[in-house]
Amino acid sequence: MKLFDDVALFDAGKPRFTEFSLPGTELMLWEQLYTKEAADRYFNTLLSSTPWKQRYRKMYDKKIPDPRLTAFYGGETGLLWTESLLEIKQKIEETCGVVFNCVLLNYYRNGNDSVAWHSDTLPADCKHHAIGSVTFGETRHFKVRHKTDNAVPQLDIPLMHGSFLLMGETMQDHYEHHVPKTAKEIGGRINLTFRIDENSRLV
C-alpha cells in the first residue's frame, strides 16, 4: 500500500533541520528523518499491531471520549516494547542525544481527532524532561504559544510524515501546544511522544 503520496517533500531522504527561536526553551525539528519507505512501513505496522484504546475524561457530570486513540509502552505500567518501537527509539536517540524510556502513541483517525491546548503533566519524579515527538501519516499542524507572554509569537508547525520534533526540558514550564481539528478530508496520523520517567525502567 502506497501511503501519503507527498514524494515532492522528500529529497533522497535527507533530513532538514530547523531550530526555532523560543525564549526560555529549545524546540528543534528534523523533517524526513525517516525515508518515505520507512515511514510508510512504520505507519502500517503501528496501525495494525498496536492495541489502541479509547480513553475518557470527566467533564462536569459526563464522561467524554478523547478525540484520538492511545497506547502506552515502557515504564512500570506500559506495554512491552516492540521491535519497531525500539528501532524508532534508537534512531531519534542517535539523532538528538537524549535517551528515553517510555512512549505514548496517539492515533488521530481523521481531521476530527485533535488535542486541546495543554502542557504535559509532570512525570513521577516531579521534573520536566525533553520530549521527542515522531509523526507517521498525514501532516497535522502543531501550534505552540507562551503561557503568559503574549508578545512571544505563536508558532504553527506542520508535522509531516517521517518527521521528528524535540521539545526541550523547560518547554512544558513556559509553553502550551495543541493539534487542532481540520475540516479537510484527511487520513490518519500516528504520533509517538517519547518520554523520560526517572522512576521507570525500560521493559
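The model shown is predicted, which means the values in this text are computed figures rather than measured ones. Here the residue numbers are simple positions, counted from 1 along each chain's written sequence. Owing to the predicted nature of the model, reporting of local features is limited to residues with pLDDT of at least 70; listing and counting of side-chain atom pairs is limited to 80 or more, with chain, interface and lining totals taken over all residues. As a rule here, side-chain values cover all heavy atoms of the structure and leave hydrogens and water aside.

Draft legend 1. Fine view of the sheet that holds strand 6 (residues 115-118). Read across the open sheet, the 4 strands follow the order 6-11-8-9; overall the sheet is antiparallel. On the outer flanks of this sheet lie strand 6 and strand 9 (155-159), each paired with one strand and no other. Taking each pair of neighbouring strands and ignoring which way they run, the sheet shows an average axis angle of 20°. The pairing criterion is simple: DSSP has to find at least two bridges between the two strands. Put simply, DSSP H or I for four residues or longer makes a helix, DSSP E for two residues or longer makes a strand, and each gets a number counted from the N terminus. A fitted line through C-alpha atoms serves as each axis, taken over the contacting stretch for helices, and the angle formed by two N-to-C directions is quoted from 0 to 180°.

Draft legend 2. Just the state of the cysteines, in detail. Our working definition of a disulfide is a cysteine sulfur pair at a distance within 2.5 Å. Following the criterion strictly, the structure yields 0 disulfides and no others. Distance from the sulfur of Cys96, which forms no disulfide, to the nearest cysteine sulfur (Cys102) is 14 Å.

Draft legend 3. Spotlight on the sheet that holds strand 3 (residues 53-59). Taken together, the 8 strands give an open sheet; going across it, the order is 1-2-10-7-12-5-4-3, and neighbouring strands pair in antiparallel fashion. Sheet topology places strand 1 (16-20) and strand 3 at the edges, where each strand pairs with a single neighbour. Geometrically, the sheet is characterised by an average inter-axis angle of 25° between neighbouring strands, direction not taken into account. For strand 3 and strand 4 (residues 62-74), the ladder comprises 6 bridges, and the chain directions are antiparallel. In the sheet register, Gln54 faces strand 4, and the bridge partner there is Leu69.

Draft legend 4. Expanded view of a nonpolar patch on the surface. Residues form patches when they are more than 30% accessible in relative terms and have no salt bridge. Like charges link within 9 Å. Nonpolar side chains (Val, Leu, Ile, Met, Phe, Trp, Tyr) link within 5 Å. All accessibility values rest on the Shrake-Rupley procedure with a 1.4 Å probe; residue burial counts only the protein chains present in the view. Within this document, salt bridges are pairs made up of a side-chain nitrogen of Lys or Arg and a carboxyl oxygen of Asp or Glu, the two lying within 4 Å of each other. On the surface, Met59, Tyr60 and Ile64 cluster together into a nonpolar patch covering about 350 Å² of accessible area. With respect to the secondary-structure elements, Ile64 resides in strand 4.

Draft legend 5. Quick peek at the nonpolar core. Ranked by internal contacts, the top residues of the largest apolar core, which has 32 residues, are Tyr34, Ile88, Leu105, Val134, Phe136, Leu192 and Phe194. Within the residue set of this core, elements represented by two or more residues are strand 2 (27-31), helix 1 (36-49), strand 4, helix 2 (83-96), strand 5 (102-108), strand 7 (131-137), strand 10 (163-167) and strand 12 (189-195). No other element matches helix 1, which puts 5 residues into this core. The next biggest cluster of nonpolar side chains, apart from the first, holds 18 residues, and it includes Leu27, Leu155, Leu159 and Met167. Put simply, a nonpolar core is a bunch of buried Ala, Val, Leu, Ile, Met, Phe, Trp, Tyr and Cys residues held in one set by side-chain atoms that sit within 4.5 Å of each other. Accessible area is worked out with a 1.4 Å probe on protein chains only. A residue is then buried under 20% of its type maximum, exposed over 50%, and partly exposed in between.

Draft legend 6. Expanded view of the pattern of salt bridges. All chains considered together, the criterion is met by 9 salt bridges. Here Asp66 ties to Arg57 by a salt bridge, and the two come within 2.5 Å at their closest N and O atoms. Residue class for Arg57 comes out partly exposed when judged on its relative accessible area of 43%. Where Asp113 meets Arg109, a salt bridge forms, and the shortest distance between an N and an O atom there is 2.8 Å.

Draft legend 7. Spatial organisation of the packing of aromatic side chains. Aromatic contacts are taken between Phe, Tyr and Trp rings whose centres are within 6.5 Å, Trp giving its six-membered ring; a plane angle under 30 degrees counts as stacked, one over 60 as edge-to-face, and the others as tilted. Tallying each qualifying case throughout the model produces 8 aromatic pairs. Ring centres of Phe100 and Phe194 lie 6.2 Å apart, and the angle between their planes is 50°; this geometry places the pair in the tilted category. Taken as a pair, Phe100 in the loop between helix 2 and strand 5 and Phe194 in strand 12 lie far apart in primary sequence, 94 residues in all. On the accessibility criterion, Phe100 (1% relative accessible area) is buried. By definition, being over a ring means that NZ of Lys or CZ of Arg is both within 6 Å of the ring centre and within 35 degrees of the ring normal. Positioned above the aromatic ring of Tyr42 is the side chain of Arg41, whose terminal nitrogen or guanidinium carbon lies 4.7 Å from the ring centre.

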